[in-house]
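Read off the chains here:
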Amino acid sequence: MILIGRSSWVPPRQWKLWSLPRTALAYVLAIDLIAVTITTLAVRSTLSGPDSGVRHSEWVAFAVLAVASTMHLEFARGIERRRELAANTSPHTNLKCLWIFAALLLLPLSLVVPLVVLAYTYSWFRVYGRTVAHRKVFSTSTYVLASAAAAAVLRAGGLLDAPRVPTGFWTLLVVLAAAATWWLVNYALVIGAILLSTPDATAREALGELSDQMVVCAGLGLGVAIAAVQTSYPWVVPVLMVTVLALHRDLLLPQYQRAAGIDSTTGLATSSYWASAVPAELARADTLRSTVGLLMLDLDKFKEINDTYGHPAGDEALRAAGEAIRAEVRNGDLVARVGGDELAVLLPGAFESEVLEIAERIRARLVTVTVSVSTTDGGTATLEGVPASFGAAVYPAVANTMDQLILAADDALLRAKRSGRNQIVVARPNHSEELQPDETAEQTVSD
């Protein structure tokens with residue numbers, strides 16, 4: 001098997017950071033430098049203050065918040081990965097802020113910064129996948145600056161020592177002012193970066209939706225509640241994780257569904273969302289010097305199922321096929337319904353060997369899946385397997401554009417169907433530099 005791809009190592013001179021407009025580059029580097037300076041001063045203040053060092057209770061609170069934040073990111077990573085892919089020229093909102101603001105009320109700033117870094121580092125490896133480094137470093141820096149500004153408001157309001165949870169009307173006003181400051185500083189810094197780095201973006205696009213910012217406000221409010229519970233009843237915090245995850249789903253999943261477009265029959269992404277996700281992934285692959293795998297597949301017996309049992313039975317078979325496919329793909333892969341019985345799987349960062357491995361897992365599972373379907377006479381019937389034919393292609397090995405990639409996979413799919421169905425055909429390039437739709441050779445993988 002020939003592996004086709006590019007090295008993930010990018011020399012410093014080729015970093016995407018240097019392609020930013022000069023004003024945007026200066027802005028991003030300045031924010032990063034300020035964040036580093038704030039971190040240094042916070043650590044120095046903690047070590048040299050009158051009560052130098054970190055108290056045992058603060059280390060315990062830090063550990064609790066670090067574990068809770070990590071668990072939250074892990075359980076919500078499926079939604080967050082898809083929301084990250086759908087983000088464009090508007091601020092990408094998330095609920096990391098609830099743990100960071102809770103930390104601000106419980107810990108010195110020198111421990112808040114490591115929590116921010118931990119959250120974004122974990123997200124880098126487990127949630128977002130490979131992405132443009134300078135963007136996530138900048139996001140981390142905005143959190144540090146926002147936290148420093150909020151901490152200054154807390155000190156100015158007389159809340160010098162942790163825990164800084166509201167105990168009266170005045171302290172409530174101070175905490176609310178700190179939360180508002182955190183939100184405003186982070187929001188303003190992100191909008192500034194968007195406008196400077198994307199000249200074509202309008203102010204309306206950069207501001208994003210009001211509902212997105214309400215999510216951030218809800219997260220900050222929940223952070224206050226978690227800090228209060230952690231102060232008095234620390235063992236209740238794990239119980240609150242259920243509430244956090246439920247709110248995450250209720251607050252962010254509807255936005256993801258509106259952005260992604262969910263097919264009502266299968267629960268997979270719609271063809272319109274898939275058509276917008278493909279070029280975004282190809283652009284991401286170019287930036288990261290990476291690859292994108294594509295699988296196109298047709299159910300071999302779909303027309304027979306419809307003709308024999310009726311269209312509701314066909315829908316049930318499609319749903320079962322969609323569930324089987326999602327069970328075999330990786331986190332962050334996109335499964336979509338792009339036609340009647342035609343499904344597509346987008347595999348970011350996958351080399352040819354990975355594409356073939358995933359395709360074979362799906363093919364084998366579809367052959368063995370058992371589906372109970374409704375019949376036109378009101379009864380039920382059992383389908384033993386819903387086999388499919390597969391066409392596979394890898395960018396940039398066989399294609400330079402989205403259209404070429406889809407044509408290569410479609411052509412491979414047609415050859416799989418003509419060759420007997422229930423098999424995988426891989427599109428391969430010839431030696432020409434410019435790939436044409438009919439200029440592919442295929443390798444057939446059958447059972």
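What you see is a predicted model, and the numbers here were worked out from it, not measured in a lab. (Residues numbered from 1 in each chain as written. Predicted model: local features only at pLDDT ≥ 70, side-chain atom pairs only at ≥ 80, totals over all residues. Heavy atoms only, no water.)

(A) Expanded view of unusual backbone geometry. In this chain, Tyr395 is followed by Pro396 through a cis amide linkage whose omega measures 5°. Among the structural elements, Pro396 can be located in the loop between strand S6 (388–395) and helix H15 (402–418). The phi dihedral of Arg421 is positive, around 70°, even though this residue is not glycine. Position of Arg421 among the secondary structure elements: in the loop between H15 and strand S7 (423–429). The class of Arg421 is partly exposed, set by a relative accessible area of 36%. (Helix = DSSP H or I, 4+ residues; strand = E, 2+ residues; numbered from the N terminus. Buried < 20%, exposed > 50% of the residue type's maximum accessible area, 1.4 Å probe, protein only.)

(B) Molecular detail of the nonpolar core. Counting 59 residues, the largest nonpolar core has Leu65, Phe101, Leu107 and Trp182 as the members making the most contacts within it. Sorting elements by how many residues they give to this core places helix H4 (residues 96–106) first, with 10 residues. Residue contacts for Leu65: discarding those within four places in its chain leaves Trp99, Ala102, Ala103, Leu106, Leu107, Leu115 and Ile226. Membership of the second largest hydrophobic core comes to 37 residues, among which are Val335, Leu343, Leu383 and Val386. (Core = buried A, V, L, I, M, F, W, Y, C linked by side-chain atoms within 4.5 Å. Contact = heavy atoms within 4.5 Å.)

(C) Focus on the confidence of the model for the chain. Residue-level pLDDT values for the chain average 80, and 79% of them are 70 or greater. Strand S8 (residues 440–446) is the least confidently modelled element of the chain, averaging 45 in pLDDT, while S6 averages 94, the highest of any element. In the predicted structure, residues 1–8 sits below a pLDDT of 50 and forms 20 contacts with residues beyond four places in sequence or in another chain. The model gives residues 431–443 a pLDDT under 50, and that stretch makes 29 contacts with residues more than four places away or in other chains. (pLDDT = per-residue confidence, 0-100.)

(D) Spatial organisation of the pattern of salt bridges. Per the counting criterion, the structure on display carries 12 salt bridges. In this structure, Glu58 and Arg55 form a salt bridge, with 3.2 Å as the shortest nitrogen-oxygen distance. Residue Glu58 is classed as buried on the basis of its relative accessible area of 9%. As a salt-bridge pair, Glu328 and Arg365 come within 2.8 Å of each other at their nearest N and O atoms. Taken together, the residues Glu328 in helix H13 (residues 311–328) and Arg365 in helix H14 (residues 352–368) connect sequence positions 37 residues apart. For Arg365, a relative accessible area of 36% puts it in the partly exposed group. (Salt bridge = Lys/Arg side-chain N within 4 Å of Asp/Glu carboxyl O.)

(E) Looking closely at the UniProt feature "transmembrane region" (unreviewed entry) in the chain. Under the UniProt annotation, the feature "transmembrane region" (unreviewed entry) is placed at residues 24–47, 99–125, 137–157, 169–198 and 210–229. Taken end to end, residues 137–157 has its terminal C-alpha atoms 31 Å apart, with 95% of it in helix and 0% in strand. Measuring from the first to the last C-alpha atom of residues 169–198 gives 43 Å, for a span that is 97% helix and 0% strand. (UniProt positions renumbered as here; feature names shortened; annotations may be inferred.)

(F) Focus on the side chain of Asp300. With respect to the helices, strands and loops of the structure, Asp300 is situated in the loop between strand S1 (292–299) and helix H12 (302–309). In this structure Asp300 comes out as buried when scored by relative accessible area, which is 16%. Once residues within four sequence positions are removed from consideration, Asp300 is found in contact with Pro387, Ala388, Ser389, Lys417, Arg421 and Asn422.

(G) Fine view of the packing of H4 against helix H5 (residues 109–126). Where H4 meets H5, the axes come as close as 9 Å, and the angle between the chain directions of the two elements is 165°. Of the possible angle classes, the one that applies to H4 and H5 is roughly antiparallel. The interaxial crossing formed by H4 with H5 has right-handed handedness. Taken together, the residues of H5 that come into contact with H4 (itself represented by Lys96, Trp99, Ile100, Ala103 and Leu104) are Leu109, Val112, Leu115, Val116, Ala119, Tyr120 and Ser123. (Axes fitted to C-alpha atoms, helices over the stretch in contact; angles between N-to-C directions. Parallel < 35°, antiparallel > 145°, perpendicular 65-115°, else oblique. Left-handed = near helix turned anticlockwise from the far one by under 90°.)

(H) Layout of H14. Its 17 residues place the ends of H14 25 Å apart at the C-alpha level, agreeing with the 24 Å of an ideal helix rising 1.5 Å per residue. When we look at burial in H14, the residues that qualify are Glu352, Val355, Leu356, Ile358, Ala359, Ile362, Arg363 and Leu366. Down the axis of H14, the smallest arc covering the buried residues is 165°, so these residues share one side. (Expected span 1.5 Å × (residues − 1). Arc of directions from axis to C-beta.)

(I) Up close: helix H11 (residues 271–288). Taking 1.5 Å per residue as the helical rise, H11 with its 18 residues ought to reach 26 Å, and the 25 Å between its terminal C-alpha atoms agrees with that figure. Of the residues making up H11, those classed as buried are Tyr273, Trp274, Ala277, Val278, Glu281, Leu282, Arg284, Ala285, Thr287 and Leu288. Residue Arg289 follows H11 closely and has a positive phi angle near 55°.

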